[in-house]
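If you want the building blocks of each chain, they are given just below.
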Amino acid sequence: MDFALSDEQKLLEQSLRRYLAESVPATRVREIMATETAHDAKLWRDLAELGAAGVLVPEVHGGSGLALLDAALVQQSLGHAAAPAPFLATSVLGPIAFAAGTPAQQAEWLPRIAAAQTVLGAAFTELVHRRDAAGVRESNGRLDGTALFVIDAGAAAAFLVAVDRARIALVARDAAGLTATPLATIDATRRVAELRFESVAPAEWIGGAAGVPELAARVLAAGRVALAADVLGACERAIEMAVAYAKQRVQFGRPIATFQAVKHLCAEMIAELEPARSLVWYAAHAFDHRPEEAVAMSLHAKAHLAEIGTQIVRTATEVHGGIGFTSEHDLHLWFKRVGLDRQLLGGPEVVRAEGAALHGW
Amino acid sequence: MDLSFGPEYETFRAELRAFLEAHRERAPRGGIVAAGGSKDAATLAWQKLLIEHGYAARTIPKQYGGYGAEPDILKRVILDEEFARAGVSAGVGGQGPDMLVPTLLEHGSEEQKQRWIGPTIRGEVVWCQGYSEPNAGSDLANVQTRASEDGADFVVNGQKIWTTTAHLADMMFGLIRTEPNEGKHGGLSYLLIPMTTPGIEVRPLGTMTGRAEFNEVFFTDVRVPQANVVGRRGEGWKIANTTLKHERNMLASAGGLEASFARLVELMKSETRDGRRAIDDPVLRDRLLRLEARVAAAKYHSMRMLTASLKKEFPGVAALVTKLSGCEISHQIAALAIDAMGELGVLYDGSKHLRAFGMWQFQYMFSLGLIIGGGTAQIQKNIIAERGLGMPREPKAA
Ligand SMILES: Cc1cc2nc3c(=O)[nH]c(=O)nc-3n(C[C@H](O)[C@H](O)[C@H](O)COP(=O)(O)OP(=O)(O)OC[C@H]3O[C@@H](n4cnc5c(N)ncnc54)[C@H](O)[C@@H]3O)c2cc1C
């Protein structure tokens with residue numbers, strides 16, 4: 001047994017973290033998130049150079065041909081930096097979807113993903129549930145309806161769209177009859193949108209018009225593990241900031257870290273985080289190696305990280321006192337990042353209900 | 001225990017309900033806001049109307065511009081309930097009416113009461129609280145902003161921070177070091193400072209909500225009459241703590257929680273997921289019921305505290321827990337609202353599909369600010385343990 005990251009995985013993580021720390025500090029994050037699409041083409045190309053954009057793309061198509069655990073490490077690093085990058089939709093959900101595609105689809109899209117030559121958005125919310133009468137239907141080869149909370153929509157050139165809750169279509173952003181409306185959320189480091197379809201002809205169906213069994217379940221499982229990893233990285237960062245601040249901030253003539261109350265806040269955060277890290281690793285591993293557990297573990301990772309993540313970013317804010325509540329201080333970037341991660345592809349209650357149904361309970 | 005709503009109370013409720021029905025269109029928009037600071041005509045006119053009818057500043061003596069009624073717990077409860085039910089602004093609140101006015105009633109000179117209470121409760125004079133400084137947060141008595149005597153004036157130099165509404169305020173009640181040789185706590189005075197005095201500079205600080213602002217306030221040779229000290233010189237610590245007591249009650253206002261809870265119920269009845277209402281989801285409904293119990297506990301707790309204070313009894317440790325639990329309930333109400341809306345719950349900033357102008361995210365973040373402000377949760381717990389339970393203090397730093 002060996003429950004640990006491989007040397008290659010550690011290296012991938014280190015090189016990403018080093019790059020992000022140097023090139024995407026919070027000041028840069030703020031600049032990128034203030035732009036309309038929150039997309040930085042150079043950052044995206046650099047992530048391709050580092051092997052991140054194509055982490056899940058098979059080697060024959062120019063990627064690294066790695067597994068979801070490797071992708072989760074990338075997502076975690078992005079969460080740690082609060083980096084604005086369309087990794088989730090383009091580099092996780094995209095390759096997982098295209099794995100079920102035709103050889104022609106794979107040959108067309110996967111090399112471009114690995115080389116950061118395209119950005120995808122993912123309209124998968126309605127695979128989970130429908131709000132505000134959303135949902136995209138197909139009739140006579142045309143798509144109608146709306147998709148909400150489309151992930152990484154800011155700079156997307158094309159969208160993967162869940163249709164009738166089962167099949168996945170690929171639609172170009174400039175397709176006739178398609179309108180994309182940005183939706184503002186608390187988290188400005190990523191862009192979600194509403195897509196409105198009026199008799200839109202899909203560019204193509206992933207794996208054919210009949211759909212591919214289990215494809216919806218697979219993209220959801222991968223997306224949920226990635227979101228859990230993003231929370232994991234964001235929380236690592238929030239804890240680092242809280243611990244560093246507590247050691248340096250003086251009140252009553254001593255560093256606040258000398259107060260047991262403050263120590264315990266920090267200890268509680270890390271005591272929640274470390275087991276959760278192992279859960280995310282296992283869920284990512286299960287996706288590729290333990291198919292019978294893959295979905296259940298993705299649900300646990302998503303729901304559990306959402307719960308502890310919410311608690312951790314709140315606690316980290318409390319450790320900072322008044323300064324943690326300001327917009328000038330960077331901590332709220334992670335507070336809000338976790339807030340969005342919590343709800344995307346289903347909040348904890350929604351996800352746990354799926355888990356119970358999966359168990360047949 | 002006697003909670004019978006006799007005929008007098010039924011009449012009071014019926015009149016209030018009729019009043020709210022008849023006049024609700026005149027109320028300023030935005031629900032029940034405790035932040036204060038708005039001096040627009042609608043707000044001031046509404047406040048005037050409420051005071052005339054005894055629905056605001058109810059127990060403030062007539063000679064200071066209030067309605068002059070005897071304190072009455074049941075009427076207080078009816079007021080909270082009916083304003084919450086109607087979803088209508090309960091009038092001007094915030095640091096002036098809710099914190100300074102009770103402090104002046106307790107410690108102010110007759111002249112100070114005459115001068116400040118009326119305009120404050122009418123919403124004409126907006127106040128900010130100048131306590132915290134960069135190095136005096138939890139350790140509030142470490143205030144370094146100092147005043148030296150010069151004739152009949154003080155000359156103030158230093159800096160305050162996190163000062164809510166300072167950018168809107170006419171006046172500050174501040175904690176200032178006036179007695180350099182009287183030790184950490186004994187050297188402080190409670191000073192009323194006009195914000196228009198030359199030498200005061202207000203710099204806004206953004207909050208994570210992207211909306212509400214607080215500020216830094218800088219003092220350079222700011223002249224304030226010594227007559228503006230409330231109580232005696234060197235008594236500032238004691239008086240500031242009177243204000244803090246009122247702040248903690250304000251922050252955890254049971255009426256505010258009830259109104260917020262009522263809005264949550266409405267939200268959960270109208271939001272749907274796959275066509276099913278949030279309130280029909282047993283898991284969310286269970287969270288809702290837990291909160292309903294906590295809101296009820298907070299409400300009856302505040303009735304109990306009010307009774308004790310009217311009887312001039314000290315309720316002991318029970319009086320010290322209000323802020324800790326109240327701010328938490330407010331945070332949890334917003335957290336449930338967000339989860340009930342799911343992805344819709346993270347929308348903000350005027351987004352399409354946004355509910356209630358983003359009020360729930362705002363409340364979620366702002367209540368976290370209130371868990372920190374007015375004495376952090378950890379400081380509250382220290383107070384509860386030390387003053388409430390008689391546990392010894394943490395040893396001083398070596
Ligand atoms: C929304 C908001 C509005 C505010 N409005 C005002 C205002 O209008 N006027 C005003 O004067 N101030 C205001 N404040 C300031 C507020 O009172 C302070 O932020 C608060 O008292 C904490 O002080 P601090 O920010 O310096 O944090 P610190 O005191 O540095 O606290 C940092 C952390 O250390 C912990 N800590 C410190 N000492 C101890 C101890 N002895 N034991 C255990 N833990 C400890 C704290 O609990 C916290 O977790 C406001 C703050 C907020 C967030």
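It should be emphasised that the depicted structure is a prediction, and the values quoted were computed from it without experimental measurement.

Cut-offs applied
- Residues numbered from 1 in each chain as written.
- Chains lettered and ligands numbered in written order.
- Predicted model: local features only at pLDDT ≥ 70, side-chain atom pairs only at ≥ 80, totals over all residues.
- Heavy atoms only, no water.
- pLDDT = per-residue confidence, 0-100.
- Salt bridge = Lys/Arg side-chain N within 4 Å of Asp/Glu carboxyl O.
- Helix = DSSP H or I, 4+ residues; strand = E, 2+ residues; numbered from the N terminus.
- Buried < 20%, exposed > 50% of the residue type's maximum accessible area, 1.4 Å probe, protein only.
- Domains from an automatic or database assignment.
- Contact = heavy atoms within 4.5 Å.
- Buried area = accessible area lost by both parts, 1.4 Å probe.
- Polar contact = N/O pair within 3.5 Å; in protein donor to acceptor, adjacent residues only side chain to side chain.
- Pairing = 2+ DSSP bridges.
- Axes fitted to C-alpha atoms, helices over the stretch in contact; angles between N-to-C directions.
- Near = heavy atom within 4 Å.
- Areas by Shrake-Rupley, 256 points an atom, 1.4 Å probe, with all protein chains shown as cover.
- Nonpolar A, V, L, I, M, F, W, Y, C, P; charged D, E, K, R; others polar.
- Patch = residues over 30% accessible without salt bridge, like charges linked within 9 Å, V, L, I, M, F, W, Y side chains within 5 Å.

Predicted confidence across chain B gives a mean pLDDT of 93, with 97% of residues reaching 70 or more. Interface confidence for the predicted complex, given as ipTM, is 0.98, next to a pTM of 0.96.

Right, let's get into the pattern of salt bridges. This structure, assessed with the given rule, holds 52 salt bridges over all chains. For Glu138 of chain A, the salt bridge identified is with Arg167 of chain A, shortest N-O distance 3.0 Å. Of this pair, Glu138 of chain A sits in strand β2 (residues 135-139) while Arg167 of chain A sits in strand β5 (residues 167-172), and the two are 29 residues apart along the sequence. Owing to a relative accessible area of 25%, Glu138 of chain A belongs among the partly exposed residues under this scheme. Of the charged contacts in the structure, one is a salt bridge between Glu179 of chain B and Arg233 of chain B, with a shortest N-O distance of 2.8 Å. Here Glu179 of chain B, found in the loop between β4 (171-177) and α6 (183-186), pairs with Arg233 of chain B, found in the loop between β8 (229-230) and α7 (236-251); they are 54 residues apart in sequence, far enough to count as distant. Residue classification places Arg233 of chain B among the partly exposed residues on the basis of a relative accessible area of 32%. In this structure, a network of salt bridges that share partners links the residues Arg13, Arg17, Glu81, Glu82, Arg85, Glu258 and Lys299 of chain B.

The next thing to look at is the domain arrangement of chain B. Residue and element names in this part refer to chain B. Under the domain assignment used here, chain B contains domain 1 (7-93), domain 2 (127-233) and domain 3 (252-388). Summarising the inter-unit geometry, the C-alpha centres of domain 1 and domain 3 are found 22 Å apart. Counting from both sides, the interface comprises 9 residues of domain 1 and, opposite them, 9 residues of domain 3. When the two sides are added together, the surface that domain 1 and domain 3 hide from each other amounts to roughly 840 Å², 75% of it contributed by carbon and sulfur. Where domain 1 meets domain 3, there are 1 salt bridge.

Glancing now at the domain arrangement of chain A. Interfaces are frequently sized by the accessible area removed from exposure as the parts join. All names here are of chain A. Segmenting chain A into domains produces domain 1 (7-114), domain 2 (120-205) and domain 3 (215-358). The C-alpha centroid of domain 3 is placed 21 Å from the C-alpha centroid of domain 1. Regarding the contact of domain 1 and domain 3, the summed buried area is about 2,100 Å², with carbon and sulfur atoms giving 66% of it. Counting across the interface, domain 1 meets domain 3 through 2 salt bridges. Two residues, Asp330 and Arg30, come together in a salt bridge whose shortest N-O distance is 2.8 Å. Our count for the domain 1 to domain 3 interface comes out at 14 residue pairs in polar contact (both at pLDDT 80 or more). Of all the secondary-structure elements, those providing two or more residues to the side of domain 1 that touches domain 3 are α2 (26-33), α4 (68-81) and α5 (87-98). Counting residues per element, the side of domain 1 that touches domain 3 draws most heavily on α4, at 10 residues.

It is worth spelling out the sheet that holds strand β6 (residues 178-183) of chain A at this point. All names here are of chain A. Reading across the sheet, the 4 strands line up as β2-β3-β7-β6 and stay open at both edges, with antiparallel pairing between neighbours. The outermost strands of the open sheet, each flanked by one partner alone, are β2 and β6. Each neighbouring strand pair of the sheet contributes to a mean axis angle of 10 degrees, computed without reference to strand direction.

With that settled, the discussion passes to the sheet that holds strand β1 (residues 120-123) of chain A. In a beta sheet, neighbouring strands pair by backbone hydrogen bonds and run either parallel or antiparallel. In space, the 4 strands of this open sheet follow the order β1-β4-β5-β8 (chain A), with mixed pairing throughout. With partners counted over all chains shown, the strands left at the sheet margins are β1 and β8 (204-205) of chain A, one partner each.

Glancing now at the site of the ligand. Around the ligand, 31 residues are found, and the nearest of them are Arg249 and Gly322 of chain A together with Gln129, Ser138 and Thr376 of chain B. More than one chain reaches the ligand: its neighbouring residues belong to chains A and B. Protein burial of the ligand: of its 970 Å² of free accessible surface, 95% is covered by the chains. Looking at the shell around the ligand residue by residue, the classes come out as 12 nonpolar, 17 polar and 2 charged.

Counting residues at the interface gives 49 residues for chain A, matched by 53 residues for chain B. Buried surface at the junction of chain A and chain B, both sides included, amounts to about 4,300 Å², of which 57% is carbon and sulfur. Where chain A touches chain B, the interface holds 8 salt bridges. Note that Arg287 of chain B is salt-bridged to Glu349 of chain A, the shortest N-O span being 2.5 Å. Contributing elements (two or more residues each) for the side of chain A that touches chain B: α7 (125-128), β3 (142-150), β6, α9 (260-289), α10 (291-320), α11 (331-343) and α12 (348-359) of chain A. For the side of chain A that touches chain B, the class distribution of residues is 17 nonpolar, 19 polar and 13 charged.

Next up on the list: α5 of chain A. Burial analysis of α5 of chain A places 12 of its 12 residues in the buried class, the great majority of the element. Taken together, the buried positions of α5 of chain A are occupied by Phe87, Leu88, Ala89, Thr90, Ser91, Val92, Leu93, Gly94, Pro95, Ile96, Ala97 and Phe98 of chain A.

On to a nonpolar patch on the surface, then. All names here are of chain B. A cluster of nonpolar side chains, Val317, Leu389 and Met391, forms an exposed patch at the surface whose accessible area comes to about 270 Å². Along the chain, Met391 turns up in the segment after α12 (377-388). By relative accessible area, which is 45% here, Met391 ends up partly exposed.

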